[in-house]
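Architecture at a glance
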Amino acid sequence: TDPFLADYNRWHLFTPAEGLQTTNYIDCITFNNTILAAKNDSVFQYQSGLWSPYYYRAGFNVKKMEASPDSLLMSQFGSAGTRVTVIHTSGQMDSIATAQPVQAIEVNGAIWIADFYTGLEKATNGNLETFYPNGPYTKNVFELAVNSKTHSVYVAPGGWNSSYGFIFNQDGFFAKIDGFWDHYDIHNTNLIDTFDIVSVAVNPANNLT
């Protein structure tokens with residue numbers, strides 16, 4: 001409530017005598033009426049004017065904390081692995097394995113995870129579901145073709161290196177038809193030994209690719 005937050009004299013720097021090292025902290029939130037601060041693989045709690053350990057797991061660095069009315073969600077990745085740890089107000093603790101969680105929030109009993117590698121995930125009742133946006137499979141584009149009648153778009157994502165040699169791109173090819181993107185590669189077609197697709201065209205006889 002201080003009107004002069006820009007004045008450093010109004011701030012208090014906690015010292016080791018108060019239970020907190022004067023070093024960099026990654027996050028600070030309020031959960032279950034308690035202030036929590038995270039540093040590396042440790043979380044500290046502030047009560048009665050002093051800081052004390054709240055949570056510790058070696059090798060699981062805390063990158064982000066989020067609080068809901070019933071749970072604390074910690075996005076963690078480090079030398080020991082990656083996960084989202086959920087601490088409930090009841091004391092129960094759950095763990096959700098995911099590639100590299102950047103942030104996790106709880107909405108109506110479901111946990112939504114923003115993951116650096118796998119995108120947007122939703123965890124409910126022990127199940128983890130991944131949501132993919134309506135778009136091309138990858139950012140790679142080498143050539144485009146557009147159907148002038150249907151306005152469908154086709155993408156060849158391959159290419160070649162500086163010596164016109166193989167780069168072994170196995171992205172297959174992408175198509176936007178009726179407003180939705182589809183992806184075709186070795187996993188869902190017979191393009192088993194196909195890579196570096198560098199050209200795509202619309203057949204003028206039947207307007208198909």
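The structure we're discussing is the one just above.
From a predicted model like this one, the values you see are computed outputs, not experimental measurements.

What counts, and at which threshold
- Residues numbered from 1 in each chain as written.
- Predicted model: local features only at pLDDT ≥ 70, side-chain atom pairs only at ≥ 80, totals over all residues.
- Heavy atoms only, no water.
- Helix = DSSP H or I, 4+ residues; strand = E, 2+ residues; numbered from the N terminus.
- Rg over C-alpha atoms; globule rule 2.2 N^0.38 Å.
- Buried < 20%, exposed > 50% of the residue type's maximum accessible area, 1.4 Å probe, protein only.
- Contact = heavy atoms within 4.5 Å.
- Areas by Shrake-Rupley, 256 points an atom, 1.4 Å probe, with all protein chains shown as cover.
- Lys, Arg positive; Asp, Glu negative; His and termini not counted.
- Charge placed at Lys NZ, Arg CZ, Asp CG, Glu CD.
- Pairing = 2+ DSSP bridges.
- Axes fitted to C-alpha atoms, helices over the stretch in contact; angles between N-to-C directions.
- Phe/Tyr/Trp six-rings, centres within 6.5 Å; stacked < 30°, edge-to-face > 60°.
- Lys NZ or Arg CZ within 6 Å of the ring centre and 35° of its normal.
- Patch = residues over 30% accessible without salt bridge, like charges linked within 9 Å, V, L, I, M, F, W, Y side chains within 5 Å.
- Salt bridge = Lys/Arg side-chain N within 4 Å of Asp/Glu carboxyl O.

1. A few points about the overall build of the chain
Broken down by element type, the chain carries zero helices and 16 strands. Computed over the C-alpha atoms, the radius of gyration of the chain is 25 Å, more than 25% above the 17 Å expected from 2.2 N^0.38 for a compact globule of 209 residues. Principal-axis analysis of the C-alpha atoms gives the chain an extent of 80 × 40 × 40 Å. Of all 209 residues assigned to the chain, the portion counted as buried reaches 32%. By sequence separation, contacts in the chain at least 24 residues apart represent 31% of the contacts at least 6 residues apart. With an accessible surface of roughly 13,400 Å², the chain has 53% of that area assigned to carbon and sulfur atoms. For the chain, the distance from the average site of its 10 positive side-chain charges to the average site of its 19 negative ones is 4 Å.

2. Digging into the sheet that holds strand β15 (residues 173–177)
With antiparallel pairing, the four strands of this open sheet are ordered in space as β13-β14-β15-β16. Edge positions in the sheet fall to β13 (143–146) and β16 (180–184), since each has one partner strand and no second. Strand-to-strand twist of the sheet, defined as the mean angle between neighbouring strand axes without regard to direction, takes the value 15°. In this sheet, β15 lies alongside strand β14 (residues 153–156) in antiparallel orientation, the contact comprising three bridges. Bridge assignment links V155 to a residue of β15, and that residue is F174.

3. Some thoughts on the packing of aromatic side chains
Counting across every chain of the model gives 13 aromatic pairs. Aromatic side chains Y137 and F174 sit 6.5 Å apart centroid to centroid with 55° between the ring planes, which places their arrangement in the tilted category. One end of the pair, Y137, is in the loop between β12 (127–131) and β13; the other, F174, is in strand β15, with 37 residues separating them in the sequence. Aromatic pair F166 and F195: ring centres 5.3 Å apart, planes at 90°, arrangement edge-to-face. Of the two residues, F166 is situated in the loop between β14 and β15 and F195 in the segment after β16; the sequence distance between them amounts to 29 residues. Of the residues examined, F195 reaches a relative accessible area of 29% and is grouped as partly exposed. Over the face of the ring belonging to F60 we find R83, whose NZ or CZ atom lies 3.9 Å from the ring centre.

4. Side note on the pairing of strand β10 (residues 110–115)
Bridge analysis of strand β9 (residues 101–107) against β10 gives six bridges, and the strand direction is antiparallel. Considered in β10, the bridge of A104 is made with I113. Count of turn residues in the β9/β10 antiparallel hairpin: two residues, of which N108 carries a positive phi of about 55°.

5. Some words on a nonpolar patch on the surface
A cluster of nonpolar side chains, V102, F116 and Y117, forms an exposed patch at the surface whose accessible area comes to about 360 Å². Among the structural elements, V102 can be located in strand β9.

6. Brief notes about the environment of F77
Looking at the secondary structure, you find F77 in strand β6 (residues 71–78). Here the alpha-carbon distance between F77 and F60, two residues 17 residues apart in the chain, equals 5.2 Å. Beyond its immediate stretch of four places on either side in the chain, F77 contacts N61, K63, T82, Q100 and P101.

7. Some words on the pattern of salt bridges
In the structure shown here, the tally under the stated rule is two salt bridges. With a closest N to O distance of 3.4 Å, R10 and D2 form a salt bridge. Judged by relative accessible area, R10 falls into the partly exposed class, the value being 45%. Linked through salt bridges whose partners overlap, the residues forming this network are D2, D7 and R10.

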